[in-house]
Amino acid sequence: MARNEHENASPRIHDAVAAWLFARSDVKRVLDVPAGHGAFAARCAARGMQAWAGDVIDHDDPPGVTRSKVDLNGRLPFDDGFFDAVVCIEGIEHLHRPFDFVRECRRVLRKGGVMVMTTPNISALRSRWRYLLTGFHFMHV
């Protein structure tokens, strides 16, 4: 997937998560949180999955994606066991209550469901070098 203005994470992260998730035959219903503009949820929908994009900001819905306004520091507005997978790409580091968020993800996952979570490695030399030069750990190009 080419980098676009709607993604908050590196395309390599999106590609790695997609490759792992799409290799599973048991994942049909996916929650992408925080979704931003829903780039990853749209990618899931394009693969025929039922995709929900959850974010505190109510963006326009990408085609085939159900948008849900959610505060990840509180209760997720979904039934217990509703999703086969929850994807959190570089979002948990922004939360005030990350442990509560993980518990909520577990609650909305079906038994045997999967959670994929990534977070930036700001300790990496490359990230520190970028921060020194730009004031940001990740350069959006």
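J.: Teacher, can you tell me more about the environment of M115 here?
T.: Relative to the assigned elements, M115 resides in strand β5 (residues 109–118). Since its relative accessible area comes to 26%, M115 is described here as partly exposed. Residues M115 and D84, 31 residues apart in the sequence, show an inter-C-alpha distance of 8.6 Å. Discounting chain neighbours no more than four positions away, the residues touching M115 are V86, C88, F101, C105 and L109.

J.: Is there a simple way to explain the side chain of D55 in this structure?
T.: In this fold, D55 is placed in strand β2 (residues 50–55). Of the polar contacts made by the side chain of D55, one reaches the backbone nitrogen of G36; its length is 2.6 Å. Not counting the four nearest positions on each side in its chain, D55 is found in contact with P34, A35, G36, R67, S68, K69 and V70.

J.: Just to check I follow, could you spell out the packing of aromatic side chains for this structure?
T.: Pairs of aromatic rings are described using the distance from one ring centre to the other and the angle between the two planes. By the definition in use, this model includes four aromatic pairs. Geometrically, the ring pair formed by W52 and F82 is edge-to-face, given 5.2 Å between the ring centres and 80° between the ring planes. Residue W52 is located in strand β2, and its partner F82 is located in the loop between β3 (65–69) and β4 (83–89); the two are separated by 30 residues in the primary sequence. Looking at W52, the relative accessible area reads 13%, which means it is buried. Relative to F83, the ring of F78 has its centre 4.9 Å away and its plane inclined at 80°; by these criteria the two rings are edge-to-face. One exposure class covers both F78 and F83, and it is buried.

J.: It is not clear to me how the nonpolar core should be interpreted in this structure. Could you clarify?
T.: Where a protein is soluble and globular, its nonpolar side chains tend to be buried together. In terms of nonpolar packing, the biggest core is built from 20 residues, with L21, V27, V30, F40, C44 and V87 touching the most fellow members. Of all elements in the fold, only α1 (11–22), α2 (39–46), β2, β4 and β5 reach the threshold of two or more residues within this core. Once residues lying within four places of it in the same chain are set aside, the contact partners of C44 are L21, F22, V30, M49 and A51. Ranked by size, the runner-up nonpolar core spans 16 residues in total, among them F78, C88, L95 and V108.

J.: Before we go on, may I ask you to explain α1 in this structure?
T.: Note: α-helices contain 3.6 residues per turn, so residues at a spacing of three or four share the same orientation. Helix length check: α1 (12 residues) gives 16 Å between terminal C-alpha atoms against 16 Å at 1.5 Å per residue, within 8%. When we look at burial in α1, the residues that qualify are H14, V17, A18, L21 and F22. In an axial view of α1, the angular spread of the buried residues amounts to 115°, which keeps them on one side of the axis. In α1, those exposed residues whose orientation departs by more than 90 degrees from the buried face are R12 and A19. In the core, the buried residues of α1 are packed alongside β1 (29–32), α2, β4 and β5.

J.: Mind showing me how you'd approach unusual backbone geometry here?
T.: Glycine aside, residues mostly have negative phi angles, and peptide bonds mostly take the trans form. Of the consecutive residues V33 and P34, the connecting peptide bond is found in the cis state with omega at -20°. Note that P34 resides in the loop between β1 and α2. The phi torsion at E90 lies on the positive side, around 50°, for a residue other than glycine. Within the secondary structure, E90 sits in the loop between β4 and α3 (98–108). Look at E90 and you get buried, because its relative accessible area is 18%.

Quick notes on the rules
- Residues numbered from 1 in each chain as written.
- Predicted model: local features only at pLDDT ≥ 70, side-chain atom pairs only at ≥ 80, totals over all residues.
- Heavy atoms only, no water.
- Helix = DSSP H or I, 4+ residues; strand = E, 2+ residues; numbered from the N terminus.
- Buried < 20%, exposed > 50% of the residue type's maximum accessible area, 1.4 Å probe, protein only.
- Contact = heavy atoms within 4.5 Å.
- Polar contact = N/O pair within 3.5 Å; in protein donor to acceptor, adjacent residues only side chain to side chain.
- Phe/Tyr/Trp six-rings, centres within 6.5 Å; stacked < 30°, edge-to-face > 60°.
- Core = buried A, V, L, I, M, F, W, Y, C linked by side-chain atoms within 4.5 Å.
- Expected span 1.5 Å × (residues − 1).
- Arc of directions from axis to C-beta.

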